[in-house]
Amino acid sequence: MAAPTNDRATNRYIHREVGEKPVKYKILLLCGPPGLGKTTLAHVAAKHCGYHVVEINVSDDRSSSTIEAKILDVVQMNSVMEDSKPNCLVIDEIDGALGDGKGAVEVILKIVSTERKGHKTASLSRPVICICNDLYALALRPLRQVAKVHIFVQPTVSRVVSRLKYICNMEGLKTNSTALAALAEYTECDIRSCLNTL
């Protein structure tokens with residue numbers, strides 16, 4: 001339900017490979033309230049641009065060394081899938097673990113700083129999409145300085161109701177606007193919660 005600022009710009013950002021004109025940002029930070037489709041958008045955009053998506057949810061891992069190993073595996077290795085597409089790393093809930101995601105942020109920053117110093121090892125040759133709810137979590141401050149930030153805006157109740165009506169019609173579900181408005185207000189316009197409830 002978020003309104004992307006510029007789909008073409010996002011596409012150019014994600015789709016650029018090594019050897020082409022360098023881009024300013026290799027890290028995209030999507031932030032906003034839960035249930036608005038940040039993770040879904042990350043997957044759709046990366047797949048649309050020809051990448052194999054590898055998602056890591058840092059709130060699932062409590063060990064900094066485990067997180068570092070997973071991230072380095074994805075950014076340094078090619079896809080092992082049959083289609084041989086390059087990997088695009090999606091780090092979900094980067095603000096939700098190890099002191100507000102500190103472990104994952106430190107690994108990403110280490111890779112970026114290594115690359116800036118001209119080292120070939122652990123370079124960031126493909127985009128990394130980070131997802132958070134709280135853009136201003138303390139651990140994300142250094143990441144905001146090296147990432148392209150896109151903020152998801154909370155939709156209005158009327159916009160959510162309009163979308164839910166469309167979905168209900170497509171699914172053959174009979175509803176009325178009053179009930180859908182109550183649902184949107186109760187969930188605070190969390191699209192995922194609305195859909196799960198329906």
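As the structure is a prediction and not an experimental result, all values here were calculated from the model.

Rules used in this analysis
Residues numbered from 1 in each chain as written. Predicted model: local features only at pLDDT ≥ 70, side-chain atom pairs only at ≥ 80, totals over all residues. Heavy atoms only, no water. Helix = DSSP H or I, 4+ residues; strand = E, 2+ residues; numbered from the N terminus. Disulfide = S-S within 2.5 Å. Buried < 20%, exposed > 50% of the residue type's maximum accessible area, 1.4 Å probe, protein only. 1 Å grid on protein atoms, 1.4 Å probe; cavity = no way out; pocket = protein on both sides within 12 Å on 5 of 7 lines; lining within 4 Å. Points joined across faces, edges and corners; volume = space filled by probe spheres on them. Nonpolar A, V, L, I, M, F, W, Y, C, P; charged D, E, K, R; others polar. Pairing = 2+ DSSP bridges. Axes fitted to C-alpha atoms, helices over the stretch in contact; angles between N-to-C directions.

K.L.:
Mind showing me how you'd approach the environment of Leu-28 here?
P.N.:
Residue placement: Leu-28 occurs in strand E1 (residues 27-31). Considered as a pair, Leu-28 and Val-149 are 121 residues apart in the sequence and their alpha carbons are 6.1 Å apart.

K.L.:
How should I be thinking about the state of the cysteines in this particular structure?
P.N.:
Cysteine pairs can be linked by a disulfide, which is a covalent bond between their two sulfur atoms. The tally for this structure, following the rule as stated, stands at zero disulfides. There is no disulfide at Cys-130, and the cysteine sulfur nearest it, in Cys-132, is 8.4 Å away. In this model Cys-168 remains outside any disulfide bridge; the closest cysteine sulfur is found in Cys-194, 9.9 Å from its own. With a relative accessible area of 2%, Cys-168 lands in the buried category.

K.L.:
In this structure, what is going on with empty space enclosed by the protein? I would like to understand it.
P.N.:
A water-sized probe rolled over the atoms picks out the places where empty space is left. Evaluated as defined, the whole model comprises one cavity of 30 Å³ or more. A volume near 40 Å³ is recorded for the largest cavity. Lining the largest cavity are Val-74, Val-75, Asn-87, Leu-89, Arg-126, Pro-127 and Val-128. Secondary-structure elements contributing two or more residues to the lining of the largest cavity are helix H3 (64-76) and strand E3 (87-92). For the lining of the largest cavity, the residue count by class is five nonpolar, one polar and one charged.

K.L.:
Can you help me understand the sheet that holds strand E2 (residues 52-57) in this one?
P.N.:
Two orientations exist for strands paired in a sheet by backbone hydrogen bonds: parallel and antiparallel. Across the sheet, five strands lie side by side as E2-E3-E4-E1-E5; this open sheet has parallel pairing. Of all strands in the sheet, those bounded by a partner on one side alone are E2 and strand E5 (148-151). Ignoring strand direction, the axes of neighbouring strands in this sheet form an average angle of 20°. Of the pairings in the sheet, the one linking E1 to E5 comprises four bridges and is parallel in character. Across the sheet, residue Leu-29 finds its bridge partner in E5, namely Val-149.

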